[in-house]
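# Coordinates in review
Spelled out from the first residue to the last, the chains are:
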Amino acid sequence: MQLVQNLDDEKERIAGQHAKLALDIANRTLPYFRENNRSGLRNVCNIIREHINADAVAITDTDNVLAYVGHAEADYWQHYHGMSSVTRKAVDSGKLIINNGIDYADFHSLMIVPLIENNKVTGTLKIYYCHEGRITDSLKEMAIGLSHVISTQIEAARSDQLKQMAAKAEFSALQNKINPHFLFNSLNAISSLIRLRPDEARQLISNLADFLRYNLKRNEALIDIQEELEQVRDYVAIEKARFGKKLTVIFDVDDVHLKIPGLLLQPLVENAILHGIQPVRGNGEVTIAVKQHGNQVMVSVRDTGSGIDEAIIDGLYHDKVPSDHIGLMNVHERVKLLYGQGLSIRRCEPGTEVSFSINAQQ
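Summary of the structure given here. Not measured: the values here are computed from a predicted model. (Residues numbered from 1 in each chain as written. Predicted model: local features only at pLDDT ≥ 70, side-chain atom pairs only at ≥ 80, totals over all residues. Heavy atoms only, no water.)

### A word on the nonpolar core
Core analysis: the largest hydrophobic core is formed by 39 residues, its most contacted members being Val286, Leu328, Leu343 and Phe356. Where this core is concerned, the elements lending two or more residues are helix H7 (225-243), strand E7 (247-253), helix H8 (266-277), strand E9 (284-293), strand E10 (296-303), helix H9 (310-316), helix H10 (326-339) and strand E12 (352-359). When residues no more than four places from it in sequence are discounted, the contact partners of phenylalanine 356 are Leu264, Leu265, Leu268, Val297, Met298, Val299, Val335, Tyr339, Gly342 and Leu343. Counting residues in each nonpolar core, the second largest holds 25 residues, with Ile59, Tyr129, Ala143 and Ile154 among its members. (Core = buried A, V, L, I, M, F, W, Y, C linked by side-chain atoms within 4.5 Å. Buried < 20%, exposed > 50% of the residue type's maximum accessible area, 1.4 Å probe, protein only. Helix = DSSP H or I, 4+ residues; strand = E, 2+ residues; numbered from the N terminus. Contact = heavy atoms within 4.5 Å.)

Next up, the structure:
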């Protein structure tokens, strides 16, 4: 009875060691799966090889070897002509293949473990040893457990990549939408000056042309916030020419140089002028602030207008903003995609303040 108990204890100890080994491998390889490239998979193979003392490790998809690390690596790729028939068999059958007496190059022990996602084989994990009989039952069980972990990590990495691609596509679409909106309102502001002050209108058209030319030739997804503020100043010049003494704009800006998307601040300033200052009688003031507090940079646009309707604030957070506030909604969605949290809006006495924060270490 003691002997049986000892055997059971030994099996549990070995199983625990293998589970810990698989988890250690999983923890070390997770960042490389997220890279989603051959270099990352090569690092994964190297980590697995070191942990199980294999002579070589490879990862494949259903058609090709994606990474190989270990014995005679240079010769392997020099003589590589596609997936072997035995690997193809593992992919087609979805079954584990073990051969402790194979005669393949310098290898004499081989294990091929299918990688399965959503009940479908998407690749294999291949483990090679130069000596015969190295694929033990305990190694087999560990490799099977490891294959489940790898499959999960690959699936999670692919899901993250799809989310990132979707977010990038959505962000790009939002970015493209704001340009016509800005152009329309700028031209509308200039048109009001053509008859009354044609020389000033011509100068503003020239400024707008320079502004648009800069945006057309700029390929970066993000620009320095100080460059964005220069664009805002161009827009403010156009609007001040339109409103005259009615509009005062104050810039309260710290010397920070964060990267932000182009045309992120201008729609907020436009919203403050057209929906805050324009409707009220008398003069109005817009304050554009970029202030750093420790690791956080607070960006805000405040006006002294009539104050935003609470229904618009509520609609912003439920995707029901009126069409004449499309710029506000656009910025809210882009800020949320980029920084994880959208705009913060509050009514002031008087006016409205729209703000968002950026981690200076991002």
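### With respect to the packing of H7 against H8
The geometry of H7 relative to H8 is characterised by a closest axis approach of 9 Å and an angle of 20 degrees between their N-to-C directions. With respect to their mutual orientation, H7 and H8 come out roughly parallel. Handedness of the H7/H8 crossing: right-handed. Residue-level contacts link Glu228, Val232, Tyr235, Val236, Glu239, Arg242 and Phe243 of H7 to Gln266, Val269, Glu270, Ile273 and Leu274 of H8. The residue inventory of the contact of H7 with H8, partitioned by class, reads seven nonpolar, one polar and four charged. (Axes fitted to C-alpha atoms, helices over the stretch in contact; angles between N-to-C directions. Parallel < 35°, antiparallel > 145°, perpendicular 65-115°, else oblique. Left-handed = near helix turned anticlockwise from the far one by under 90°. Nonpolar A, V, L, I, M, F, W, Y, C, P; charged D, E, K, R; others polar.)

### Structural notes on H7
The terminal C-alpha atoms of H7, which comprises 19 residues, lie 26 Å apart, in line with the 27 Å expected from a rise of 1.5 Å per residue. Listed as buried for H7 are Ile225, Gln226, Glu228, Leu229, Gln231, Val232, Tyr235, Val236, Ile238, Glu239, Ala241 and Phe243. One side-chain oxygen of the residue at the start of H7 lies 2.7 Å from the amide nitrogen of glutamine 226, identifying that residue as aspartate 224. Immediately beyond the C-terminal end of H7, within one or two residues, lies glycine 244, with a positive phi of roughly 65 degrees. (Expected span 1.5 Å × (residues − 1). Polar contact = N/O pair within 3.5 Å; in protein donor to acceptor, adjacent residues only side chain to side chain.)

### As for the pattern of salt bridges
Within the structure shown, the criterion is met by nine salt bridges. The residue arginine 88 makes a salt bridge to aspartate 63 at a minimum N-O spacing of 3.5 Å. One end of the pair, arginine 88, is in helix H4 (residues 85-93); the other, aspartate 63, is in the loop between strand E1 (56-60) and strand E2 (65-70), and 25 residues separate them in sequence. Exposure remark for arginine 88: the relative accessible area of 29% places this residue in the partly exposed category. Salt-bridge contacts for aspartate 254 lead to lysine 291; the nearest nitrogen and oxygen are separated by 2.9 Å. (Salt bridge = Lys/Arg side-chain N within 4 Å of Asp/Glu carboxyl O.)

### Details of the environment of histidine 293
Structurally, histidine 293 is set in strand E9. Distance from histidine 293 to alanine 360, taken between C-alpha atoms, is 9.3 Å for residues 67 residues apart in sequence.

The quantities given are spatial measurements derived from coordinates; they are silent on function.
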